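A closer look at the structure
Residue-level listing of the chains:
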Amino acid sequence: MSHSTDSAFLTRNAGQILADGREHDLAGRSSEAMECYAAVIDVTATHGDLRARAEALRRLGVLHHMRAEPDVAADLCRRSQQVATQAGAPDVAADASNALAGFALERGALAEAWQLLTAALPFAETSSALLGKMEQNLGIIATIRGDWAAALHHYYRSRQAYASASDQRGCAIAHHNLGMTHAKRKEWQEADRHYRRCFGLAETVGDRHLGGLAALNRAEVRLAIDDYDGARAGAEQALRIFNEIEARRDKAGAHRLLGMVFRNRRQMALAESHLRSALEIAARADCPLTEADAARELARLYHSQGRQEAALDLLERARDVYQQLEAVADLAEVAEQIAGVRAGTSLSESPRPRGLHA
C-alpha cells in the first residue's frame, strides 16, 4: 500500500471511529465513547486528519471533566488547541478554548473563562454552532454576576446561532439556560416552558446527559411551586441518568434537590444525608458554586433545627466562595441569610440552577 493510500485509509478510519464515538457520547455510553476517542488519537498519531485528532482530544477531555478528573480534562483540551493550531484550524482551536472556559466557569475562575472566550470569539464567527457555545458561556458569566438582562441577551443570541446551524442539541442547551435565567427571576411558567422544550429536543437527538439536566431543573421548578412529588420524581430520574452515564459532577445537584424536598417534607434525616452527599461530591469534583449552594441548603436545615453555629459556619463558607467569584447576587442573598441566622429569623430563599456550558 502506498503512503498516500495509507494516509487516506487512516483518515477515513479516524473519521468513522470519531463518528462512532460521538454516537456513544450522545447516548451516555461514556466508556465506549472514550475508547473511540482514544482510538482516533492513536490512529492519527503519525498520519491522518489532524482536525479529527484535535476534536477527539477535546471530546475526550470533556468526558474526563464529567467524571470529575479536571487535570486530565484540561491537559487533553490544551493538547487539542496545539494540534488544531498545527493543522491551521483556528475554529477547532477556539472550540478547545471554549471547553477550557467552561471548565474554568465550573471551578469559579470567571476572569480566566472571560479571557479565554474573548480571545477565541473572533474565530467563531464562521461557525454558528461554536458561536452558540461561546454566547452561552458568556451568558453564564453574566448570570453568576447577577446581570439577568445580559444573560438573556447572550442566551437568545446563542439560540439564534444554533438555529442557524440547524443544531438541535445546541438549541436544547440554549433553552436550558433560558429556563435557568427565568427561574432565577422566579418566572416559573416561562422557566418550565424552556425546560420542557430542552427535554424534548434532548430526547430527539438522544442526548441523555442533557435530558438528565432538563429533568433536574424542571424538578427545581416543581419544588418552587410546592409540588414535592413532582420535584422528587424529577430529581430521582436525573440521579438515575447521571449514575448510568457516570456524570459524577452532576450528581451533586440531584442530591441537593432531593435534600431540599425532604427538608420541606420535614424528613430531616434523609434531607441531611442528601445535602451532605451534595456537599461532598461538589467538593471532590472541584465545583465551588455547587458546593456553596449545597452549603446554603444544609445551613437552612441546621437553622430550622436550632443548630445556629453550624448554620453560620456553612453560610460563611458559601459567602467566601461567592466573594471570591464576584457572584454579586448570591453574595447579597447569603449576607441576608447570615443576618437572618444572627437575628433568629427564617432564612431567605436559596439559589436556583446554574447554566450549562457544554
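Predicted, not measured: the structure shown is a model, and the values here were computed from it. In every chain, residue numbers begin from 1 and rise along the written sequence. Per-residue local features of the predicted model are confined to residues with pLDDT of at least 70, and side-chain atom pairs are confined, for both listing and counting, to 80 or more; whole-chain, interface and lining totals are unaffected and use all residues. Neither water nor hydrogens contribute to the side-chain values; these are computed over all heavy atoms in the structure.

Before going further, it helps to spend a moment on the overall build of the protein. In this text, helices come from DSSP runs of H or I with a minimum length of four residues, and strands from runs of E with a minimum of two, each type numbered from the N-terminal end. On a plain count of helices and strands, the protein comes out with 17 helices and zero strands. Radius of gyration: C-alpha atoms only; globule rule: 2.2 Å multiplied by the number of residues to the exponent 0.38. The globule rule puts the C-alpha radius of gyration for 358 residues at 21 Å, and the 21 Å found for the protein is close to it. Principal-axis analysis of the C-alpha atoms gives the protein an extent of 80 × 35 × 35 Å. Sequence-distant contacts, at least 24 apart, represent 60% of the contacts inside the protein between residues at least 6 apart. Where accessible areas are quoted, they stem from the Shrake-Rupley method and a 1.4 Å probe; at the residue level, only the protein chains shown are allowed to cover. Accessible area of the protein: about 15000 Å², with a carbon and sulfur share of 48%. Asp and Glu are treated as the negative residues and Lys and Arg as the positive ones, with His and the ends of the chain left uncounted. To locate a charge, take atom NZ for lysine, CZ for arginine, CG for aspartate or CD for glutamate. Here the protein carries 44 positive and 48 negative side-chain charges, and the mean point of each set is 3 Å from the other. Residues count as neighbours in contact if any of their non-hydrogen atoms are within 4.5 Å of one another.

Here the focus is the environment of V341. Structurally, V341 can be placed in helix α17 (residues 328-343). In this structure, the C-alpha to C-alpha distance between V341 and A238, residues 103 residues apart in sequence, is 32 Å.

Let's shift gears to the packing of aromatic side chains. Think of it this way: a Phe, Tyr or Trp ring, Trp meaning its six-membered ring, pairs with another when their centres are within 6.5 Å, and the plane angle makes it stacked under 30 degrees, edge-to-face over 60, tilted otherwise. Taken as a whole and judged by the stated rule, the model has zero aromatic pairs. The aromatic ring of W114 is capped on one face by R145, whose charged end is 6.0 Å from the ring centroid. Any Lys NZ or Arg CZ that is within 6 Å of a ring centre and within 35 degrees of that ring's normal is treated as a charge sitting over the ring.

Residues spaced three or four apart along an α-helix face the same direction, because each turn holds 3.6 residues. Helices are assigned an expected span. That span is 1.5 Å times one less than the residue count. Its 18 residues give helix α16 (residues 308-325) an end-to-end C-alpha distance of 26 Å, which sits within 8% of 26 Å, the value for a rise of 1.5 Å per residue. Throughout this description, buried means an accessible area under 20% of the type-specific maximum (1.4 Å probe, protein chains only), exposed means over 50%, and partly exposed covers the range between. Looking at α16, one finds that the buried residues are A311, L312, L314, L315, A318, V321, Y322 and L325. At its buried positions, α16 is contacted by α6 (110-120), α14 (268-284), α15 (288-304) and α17. Immediately downstream of α16, the backbone of E326 shows phi near 60°, a positive value.

Right, let's talk about the side chain of R249 for a bit. Here R249 lies in helix α13 (residues 248-264). Side-chain polar atoms of R249 contact the side chain of E106, separated by 2.7 Å. Among residues more than four places away in sequence, those in contact with R249 are H65, M66, A68, E106, A285, D286 and C287. Throughout this description, a polar contact denotes any pair of N or O atoms lying within 3.5 Å of each other; where both atoms belong to protein, one of them has to be capable of donating a hydrogen while the other can accept it, and for residues adjacent in sequence the pair is counted only when both atoms sit in side chains.

Attention shifts here to unusual backbone geometry. One non-glycine residue with positive phi stands out, namely S166, at about 55°. Position of S166 among the secondary structure elements: in the loop between α8 (148-164) and α9 (168-184). Here the phi dihedral of K186 falls at roughly 65°; this positive angle occurs in a residue that is not glycine. Summarising the element assignment, K186 is placed in the loop between α9 and α10 (188-205).

On to the packing of α13 against α15. Where α13 meets α15, the axes come as close as 10 Å, and the angle between the chain directions of the two elements is 15°. Taken together, α13 and α15 sit at an angle that is classed as roughly parallel. For the pair α13 and α15, the sense of crossing is left-handed. Facing α13, whose interface residues are A252, G253, R256, M260 and R263, α15 presents T290, D293, A294, E297, R300 and L301. Taken together, the residues of the contact of α13 with α15 break down into four nonpolar, two polar and five charged. Between N-to-C directions, angles span 0 to 180 degrees; the directions come from axes that are lines fitted to C-alpha atoms, helices contributing only their stretch in contact. Angles are sorted into four bins: roughly parallel if under 35 degrees, roughly antiparallel if over 145, roughly perpendicular if 65 to 115, and oblique for all others. The hand of a helix crossing depends on one turn: near helix anticlockwise from the far one by less than a right angle means left-handed, and clockwise means right-handed. Side-chain classes follow a simple rule in which Ala, Val, Leu, Ile, Met, Phe, Trp, Tyr, Cys and Pro form the nonpolar group, Asp, Glu, Lys and Arg form the charged group, and the remainder, Gly included, forms the polar group.

Here we come to α14. Spanning 17 residues, α14 covers 24 Å between terminal C-alpha atoms, matching the ideal 24 Å at 1.5 Å per step. All of the buried residues in α14 are M268, A271, E272, H274, L275, A278, L279, I281 and A282. Elements in contact with the buried residues of α14: α13, α15 and α16. Just downstream of α14, D286 is the residue with a positive phi angle, here 60°.

With that settled, the discussion passes to the pattern of salt bridges. Throughout this description, the term salt bridge denotes a Lys or Arg side-chain nitrogen within 4 Å of a carboxyl oxygen of Asp or Glu. Tallied over the full model, the rule gives 32 salt bridges. Of the charged contacts, one joins D192 and R218 as a salt bridge, the two residues approaching to 2.9 Å between their closest N and O atoms. Taken together, the positions of D192 in helix α10 and R218 in helix α11 (residues 208-224) put the pair 26 residues apart, joining distant regions of the chain. R319 is the partner of D320 in a salt bridge, and the nearest nitrogen-oxygen pair spans 3.7 Å. Classification of D320 by relative accessible area gives partly exposed; the value is 43%. Residues participating in the shared-partner salt-bridge network are E220, R256, R263, E297 and R300.

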